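# Structural description and commentary
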Amino acid sequence: MQIQSRAEMIKTKPIDCLHFIDGKYVPSKNEKTFVNINPATEEVMGTVAEGGKEEIALAVAAAKRAFEGSWRRMPAGERARIIRRIGDIILERKDELAALESFDTGKPYGLASSIDIPRAAYNFHFFADYMASIGTEAYQMDDVALNYAIRRPLGVVGLINPWNLPLLLMTWKLAPCLAAGNTAVLKPAEWTPMTATLLGEICKEAGVPDGVVNIVHGFGPDSAGAALTEHPDVCAISFTGETTTGKHIMTAAAKTLKRLSYELGGKNPNIIFADADLDEVIETTIKSSFINQGEVCLCGSRIYVERPLYDAFVERFTAKTKELIVGDPLDPNTTVGTLISEEHYNRVRSYVELAVEEGGVIETGGKRPEHLSTGYYLEPTIITGLTNDCRVVQEEIFGPVVTILPFDREEEVIKQANDTHYGLSATIWTNDLRRAHRVAAQIEAGIIWVNTWFLRDLRTPFGGMKQSGIGREGGMHSFEFYSELSNICIKL
Ligand SMILES: NC(=O)c1ccc[n+]([C@@H]2O[C@H](COP(=O)([O-])OP(=O)(O)OC[C@H]3O[C@@H](n4cnc5c(N)ncnc54)[C@H](O)[C@@H]3O)[C@@H](O)[C@H]2O)c1
Ligand SMILES: O=C/C=C/C=C(\O)C(=O)O
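Residues numbered from 1 in each chain as written. Chains lettered and ligands numbered in written order. Predicted model: local features only at pLDDT ≥ 70, side-chain atom pairs only at ≥ 80, totals over all residues. Heavy atoms only, no water.

## Considering the site of ligand 1
Of all residues adjacent to ligand 1, which total 31 residues, the nearest are W163, K187, E190, T245 and E396. K187 places a polar side-chain atom, nitrogen or oxygen, 2.7 Å from an oxygen atom of ligand 1. One of the side-chain N or O atoms of T245 is found 2.7 Å from an oxygen atom in ligand 1. Surface burial for ligand 1 is 92%, taken as the share of its 840 Å² of free accessible area covered by protein chains. Among the elements of the structure, α8 (224-230), β10 (236-240) and α9 (243-254) are those that each provide at least two residues to the shell around ligand 1. The dominant element in the shell around ligand 1, judged by the number of residues it contributes, is α8, at 3 residues. A per-class count over the shell around ligand 1 returns 16 nonpolar, 10 polar and 5 charged. (Near = heavy atom within 4 Å. Polar contact = N/O pair within 3.5 Å; in protein donor to acceptor, adjacent residues only side chain to side chain. Areas by Shrake-Rupley, 256 points an atom, 1.4 Å probe, with all protein chains shown as cover. Helix = DSSP H or I, 4+ residues; strand = E, 2+ residues; numbered from the N terminus. Nonpolar A, V, L, I, M, F, W, Y, C, P; charged D, E, K, R; others polar.)

## Considerations on the packing of aromatic side chains
Each aromatic ring pair is characterised by the separation of its centres together with the angle its planes make. In total, this model carries 18 aromatic pairs according to the counting rule given. Each ring, one from F313 and one from F317, has its centre 5.0 Å from the other, and the planes form 15°; the classification is stacked. Within this pair, F313 and its partner F317 are both found in helix α11 (residues 307-322), separated by 4 residues, close to a single helical turn. In this structure, F313 and F317 share a single accessibility class: buried. Taken together, the ring pairs in this structure connect Y122, F126, F127, Y130, W172, F462 and F479 into an aromatic cluster. R435 extends its terminal NZ or CZ atom over the ring of F273, reaching a point 4.0 Å from the ring centre. Positioned above the aromatic ring of W172 is the side chain of R456, whose terminal nitrogen or guanidinium carbon lies 5.2 Å from the ring centre. (Phe/Tyr/Trp six-rings, centres within 6.5 Å; stacked < 30°, edge-to-face > 60°. Buried < 20%, exposed > 50% of the residue type's maximum accessible area, 1.4 Å probe, protein only. Lys NZ or Arg CZ within 6 Å of the ring centre and 35° of its normal.)

## Quick notes on unusual backbone geometry
Not every positive phi belongs to a glycine, and Q293 is a case in point at roughly 60°. Residue Q293 is classed as buried on the basis of its relative accessible area, which comes to 1%. Even without a glycine there, the phi angle at K466 is positive, about 50°. By the secondary structure assignment, K466 is in the loop between β18 (447-450) and β19 (469-470).

Set out below in structure tokens:
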């Protein structure tokens, strides 16, 4: 069956995307739009309003009015009820949102339906519950004075999002931002506008007052993204994207001293000791290598295997990788869909070619599947024979490409794992409990999994160190970013 006929089976159709400002869908003032390409068919599936300075100004003004209006004074219980309702409506519209996410990204519909959309809903449910339990702090100075802290919202916050897990990551920011009493201007990634567009009407239906949530589409530099980072009435930016983009945003935001929260790039080690359970390792490492076409910042794309296990791992992992089904994102049997765009496809392909130049051996993959002449499809790729200082081992590829290196000693693999300017996540496989604690404590990463991957407790601190991020979000850490504390000292 053709992709379109499967889309009909799913019944949802791609949508044209307008901005959502002050509770209404509006085009750009200059009527400018850009096209939205389906990465599986390479066809135009709709148009997107292209926002700039003017649309950002309108959105920020609406957010400021809303902040000074009812939203910040709304009792927390009522705000929590509305936030929970957003999550409920996302679940009610799961199939539609999953289809649009799959159209936009090329990810398997099944993945969007089982991970992306349910987790987007859970982001709202989690923070609706969590906000009821947060307190502040108080200190008594003998019988001299009493200190207590009060927590208040920041004001208008800019939320700038990437294209790999569009609704999951957009709502990971929006839920705590609203729970803390702020208003928001969202800038979705230009490649993935559709679920963000529907989020506007979902918030309105849930009872979010007009102006509290605003969505402006557009690009980064010289467009809506840059305008949001420069606007004087935006007091904070939460950004998820490439490290290089983060540096540009920091420069722009410095002029108005905005508070920044950064979730940036990663090149994450997956360290496998010889005592690990190989069946478990293979099953999870297939996911941590190739889920979402490897377009996950947390993917363990640098695999290190202790030498006694190396040959067996390479053989078993390669065989399992060959069983993955690359194809039509709407086909229920597909496990690997398309990359996000032609530009990104060519970039990932160039790294496979570089790997060969650097002396690597392509154990499997590296090519467009022969039966898929249209669409940005790339086979899951395993590369061996490289050294830790190779560009393919050092640079973020953000595609279905992993390298495997052997190691002999614990100290050696810790050194190699840390030999990167990134520090986002890491995975360690061992049944030696003391070694697990010892090695985890030495790995320079913000998020470390032992004998698992992408197991998420939203109360935990989430974020990277070094060039992988600034700050943490999740649980109390989100409230620390999305609110201000004032200490009040009263003489007794
Ligand atoms: N650490 C995390 O949690 C996490 C999660 C997902 C993705 N990522 C990273 O994101 C990258 C892939 O996403 P991407 O390609 O969308 O990243 P990107 O940096 O190219 O774009 C991210 C967003 O920033 C906007 N943008 C670009 N330039 C801007 C500028 N000068 N001013 C304001 N906004 C600007 C884009 O329009 C987009 O909305 C990868 O590096 C990946 O590792 C990190
Ligand atoms: O591609 C990066 C994935 C990030 C995931 C989260 O931010 C999360 O699970 O909260």
